[in-house]
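Here are the chains, one letter per residue:
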Amino acid sequence: MLGRLIKHEYKATWKIMCAVYAAVAAVTIIGGLFYKFRLGVFEKLQESGVLSEAGFSEGLMNSLMAMITSAYVLILIAAAVGTVWFLAYRFFKSCYGDEGYLTQMLPAQKHDIILSKTITAWTWIFGETLLTVVSILNFVFVAVGENADILDVAEVVEEMNDIFDIGVLPIILTILVWLVDSVAEILKVYAAISLGQTSGKHKVLMSILWYVAFYIMIQIAGSMIFAAGSMFSLMRADTMPSEAVFRSVYNGILFGTLIINLVICALGYLVTRYGMERNLNLE
Amino acid sequence: MNTEKLLECVQLTKQYGIKHAVDHMDFVLEPGHITGLLGPNGSGKTTLIKMAAGLLKPTGGEIRILGEAPGVRSCSLISYLPDRVYLPKTATAASLIEYYLDFYEDFDAARADRMIRDLGIDPDQQIRALSKGTVEKVQLILCMSRRASLYLLDEPIAGVDPAARDYIIRTIIGNYNPGSSVLISTHLIQDVENILTDIVFIRNGQVILHDTKEGVREHTGKTVDQYFREVFACWGG
């Protein structure tokens, strides 16, 4: 049943998500080409005097590049926000809107319905994030262009090793935090929607308010836990070398974030399931 | 005849604030009946049907489908037609047949496909491009193409023209099997009266009459439609 639910969830979302991916890919290519143009052809044209004859000044070109860069950044932000918004709206519409009559009448456990939507949303968000990272890296490499020697990756890694003395554990923890964080974010949104739908009117508004309430509660709880953890590490600072204290605080933050996110995942799942099973309120 | 209780309500109650949408209702539906759930607006018909479908939780009392509370099993036994368009706007009739086939073991895809073509509906056209009446026909076809134990039809003919009503009524009779039951909520009593075997009058969330159609006609000397108008004439619902 879970497999079938996932299949139909992908079928319902792939068109919009592929459009988002295509938009990110398009701005990456266009942005990259513009930077190539600026760093390559533009400079040659400037040297030959063609541009000044045509009325192009360096200032004008810089303004144009600033606009393109801003547009690039805005499109990346819009793609990231749009992805989350679309998937949240999809969950609301298919579970608690009119389409909920179709979804909620399926002979499937609510657990499977929640899981299928979480897995699907997570993979789309993961793909979008990955694409954005690749896009930014591409932009950085192109922007650096001919001065690529300043970005010696091996040297950067070596310097980071010197500074942080990175072992395997923090790297694994960082990846885990990244992966679990997006699941926690999805389930937080689902939980807010599942509580918001219980109000007779203004379901969307109430869902947003619940999300804001969750966000504030998590921020407060997270700050208190990290403050306590940092204090504990610093209290031990006298007996430990400074690098060890740094590593301890860094790993502590990662552990803390991971545990908080796992707790959010569990609570988000339980609240969503409660809303679907015990408090369904289809109009 | 199988006398197992397909649907059973025991002191079933649904309260919104101080208002009782369904008020301590006792009601049993056995297999082999086409029952008209009749009552004015706000009498609790849709609330009762939604509770039977498991889409609303009762405030009090119990509701059981073949002896069990609504859940995963009841979803596989019940075929429910809501009183609204619930199909995804971007779906097509063809993709919906595939969807139903994936999730419902009792779904007869060939029957659904035949009815879609009989009505001249383009199976590859998106729902958003179809008229409201055509969408309602698609919904009814999907609902009645299941070999379910209990069909819950909430206002199945309210939004369609008289010619389509005839088709829908024929579809209900043609696809329903004697081992199952149909519960139809409607205002258009005249249109469905001929196919009903049983009548339930509901007012203020309570069943005020549950009898066979022939019983109602015999006891009152009136058609169900005439009797309904008489009973609810001054109710103002």
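Residues numbered from 1 in each chain as written. Chains lettered and ligands numbered in written order. Predicted model: local features only at pLDDT ≥ 70, side-chain atom pairs only at ≥ 80, totals over all residues. Heavy atoms only, no water.

Caption draft 1: Looking closely at the overall build of chain B. A count of helical and extended segments in chain B gives nine helices and nine strands. Split into buried and exposed, the 237 residues of chain B put 56% on the buried side. Intrachain contacts of chain B at a sequence separation of at least 6 include 69% that bridge at least 24 residues. Summing over all exposed atoms, chain B offers an accessible surface of approximately 9,900 Å²; the carbon and sulfur share of this is 48%. (Helix = DSSP H or I, 4+ residues; strand = E, 2+ residues; numbered from the N terminus. Buried < 20%, exposed > 50% of the residue type's maximum accessible area, 1.4 Å probe, protein only. Contact = heavy atoms within 4.5 Å. Areas by Shrake-Rupley, 256 points an atom, 1.4 Å probe, with all protein chains shown as cover.)

Caption draft 2: Broad picture of the packing of aromatic side chains. One pass over the structure, following the stated rule, counts 16 aromatic pairs over all chains. Ring centres of Tyr-21 of chain A and Trp-124 of chain A lie 5.7 Å apart, and the angle between their planes is 70 degrees; on these two criteria the pair is classed as edge-to-face. In this pair, Tyr-21 of chain A sits in helix 1 (residues 2-48) while Trp-124 of chain A sits in helix 5 (residues 110-144), placing the two residues 103 residues apart along the sequence. Of the two residues, Tyr-21 of chain A and Trp-124 of chain A, both sit in the buried class. Ring centres 5.6 Å apart and planes at 80 degrees place the aromatic pair Phe-201 of chain B and Phe-228 of chain B in the edge-to-face group. A residue pair is termed long-range when its members are at least 10 positions apart, and Phe-201 of chain B in strand 8 (residues 198-203) and Phe-228 of chain B in helix 9 (residues 224-231) qualify at 27 residues. With a relative accessible area of 11%, Phe-228 of chain B lands in the buried category. Each residue in the set Tyr-99, Tyr-100, Phe-103, Tyr-104 and Phe-107 of chain B is aromatic and connected to the rest through ring pairs, giving one cluster. (Phe/Tyr/Trp six-rings, centres within 6.5 Å; stacked < 30°, edge-to-face > 60°.)

Caption draft 3: Structural context of the environment of Leu-48 of chain B. Mapped onto the fold, Leu-48 of chain B is located in helix 1 (residues 45-53). In this structure Leu-48 of chain B touches Cys-9, Leu-12, Val-22, Met-25, Phe-27, Leu-37 and Ile-63 of chain B, once residues within four positions along its chain are discounted.

Caption draft 4: The pairing of strand 8 of chain B, seen in detail. All names here are of chain B. Of all six residues making up strand 8, five are buried, and the element is well covered by its neighbours. Alignment of strand 3 (residues 34-38) against strand 8, held across four bridges, turns out to be parallel. Among the inter-strand pairings, Leu-37 is bridged to a residue of strand 8, identified as Val-200. Alignment of strand 8 against strand 9 (residues 206-212), held across six bridges, turns out to be antiparallel. (Pairing = 2+ DSSP bridges.)

Caption draft 5: Focus on the side chain of Ser-194 of chain A. Note on placement: Ser-194 of chain A falls in helix 7 (residues 168-196). Accessibility expressed as a relative area gives 0% for Ser-194 of chain A, which makes it buried.

Caption draft 6: Here's a closer look at the sheet that holds strand 7 (residues 181-185) of chain B. Residues and elements named next belong to chain B. Strand order in the open sheet made by the six strands is 5-6-7-3-8-9, with mixed pairing throughout. Edge positions in the sheet fall to strand 5 (78-81) and strand 9, since each of these pairs with one other strand and no more. For this sheet the average axis-to-axis angle between neighbouring strands, irrespective of direction, equals 15 degrees. Both strand 3 and strand 7 contribute to a ladder of four bridges, which runs parallel. What sits directly across from Gly-36, in strand 7, is Ile-184. Against the sheet, helix 1 touches strand 3, strand 5, strand 6 (150-154), strand 7 and strand 8, its axis set at about 145 degrees to strand 6. (Axes fitted to C-alpha atoms, helices over the stretch in contact; angles between N-to-C directions.)

Caption draft 7: Looking closely at the nonpolar core. One finds Leu-7, Phe-27, Tyr-80, Leu-152, Leu-153 and Phe-201 of chain B to be the most contacted residues of the largest nonpolar core, which totals 129 residues. When residues are assigned to domains, this core turns out to be shared by domain 1 (1-149) and domain 2 (152-283) of chain A, each giving three or more. Apart from the residues within four sequence positions on either side, Leu-153 of chain B is in contact with Ile-49, Leu-81, Cys-143, Met-144, Ile-172, Val-182, Leu-183, Ile-184 and Ser-185 of chain B. (Core = buried A, V, L, I, M, F, W, Y, C linked by side-chain atoms within 4.5 Å. Domains from an automatic or database assignment.)

Caption draft 8: Seen up close, the sheet that holds strand 4 (residues 60-65) of chain B. Residues and elements named next belong to chain B. Reading across the sheet, the three strands line up as 2-1-4 and stay open at both edges, with antiparallel pairing between neighbours. In this open sheet, the two strands that pair with only one neighbour each are strand 2 (19-29) and strand 4. On average, each strand axis in the sheet is tilted by 20 degrees relative to the strand beside it, whichever way the strands run. Each of strand 1 (7-16), strand 2 and strand 4 touches helix 1; the most contacted strand, strand 1, lies at about 120 degrees to it.

Caption draft 9: Here's a closer look at the pattern of salt bridges. Residue and element names in this part refer to chain A. Within the structure shown, the criterion is met by 24 salt bridges over all chains. A salt bridge links Glu-99 to Lys-93, with the shortest nitrogen-to-oxygen separation between them at 3.7 Å. Residue class for Glu-99 comes out buried when judged on its relative accessible area of 9%. Two residues, Lys-188 and Glu-185, come together in a salt bridge whose shortest N-O distance is 3.2 Å. Note that Lys-188 and Glu-185 are positioned in helix 7 at a spacing of three residues, about one turn of the helix. Glu-185 gets classed as partly exposed once you look at its relative accessible area, which sits at 25%. By sharing partners, the salt bridges in this structure join Glu-9, Arg-90, Lys-93, Glu-99 and Lys-117 into a single network. (Salt bridge = Lys/Arg side-chain N within 4 Å of Asp/Glu carboxyl O.)

Caption draft 10: Highlighting the environment of Thr-46 of chain B. Residue and element names in this part refer to chain B. Position of Thr-46 relative to the elements: it lies in helix 1. In this structure Thr-46 comes out as partly exposed when scored by relative accessible area, which is 24%. It is 10.0 Å that separates the C-alpha atoms of Thr-46 and Leu-152, two residues lying 106 residues apart in sequence.

Caption draft 11: Molecular detail of the interface of chain B and chain A. On the chain A side, the residues contacting the 24 residues of chain B number 22 residues. Both sides together, the interface formed by chain B and chain A hides about 2,300 Å², and carbon and sulfur atoms give 63% of it. In terms of surface lost to chain A, no three residues of chain B exceed Leu-55, Tyr-99 and Phe-103 of chain B, which account for 28% of the buried area on that side. At the boundary of chain B and chain A, one finds four salt bridges. A salt bridge links Lys-7 of chain A to Asp-102 of chain B; the shortest N-O distance between them is 2.7 Å. On inspection of chain B and its partner chain A, the count reaches eight residue pairs in polar contact (both at pLDDT 80 or more). When residues of the side of chain B that touches chain A are traced back to their parent elements, those giving at least two are helix 1, helix 2 (72-77), strand 5 and helix 3 (93-103) of chain B. It is helix 3 of chain B that contributes the most residues to the side of chain B that touches chain A, five residues altogether. (Buried area = accessible area lost by both parts, 1.4 Å probe. Polar contact = N/O pair within 3.5 Å; in protein donor to acceptor, adjacent residues only side chain to side chain.)

Caption draft 12: A look at the packing of helix 5 (residues 132-144) of chain B against helix 6 (residues 162-175) of chain B. All names here are of chain B. Across the interface, helix 5 lies against helix 6 with an axial gap of 10 Å and an inter-helix angle of 5 degrees. As far as their axial angle goes, helix 6 and helix 5 are roughly parallel. Facing helix 5, whose interface residues are Lys-137, Leu-140 and Met-144, helix 6 presents Ala-164, Ile-168, Thr-171, Ile-172 and Asn-175. Among the residues forming the contact of helix 5 with helix 6, the class breakdown is five nonpolar, two polar and one charged. (Parallel < 35°, antiparallel > 145°, perpendicular 65-115°, else oblique. Nonpolar A, V, L, I, M, F, W, Y, C, P; charged D, E, K, R; others polar.)

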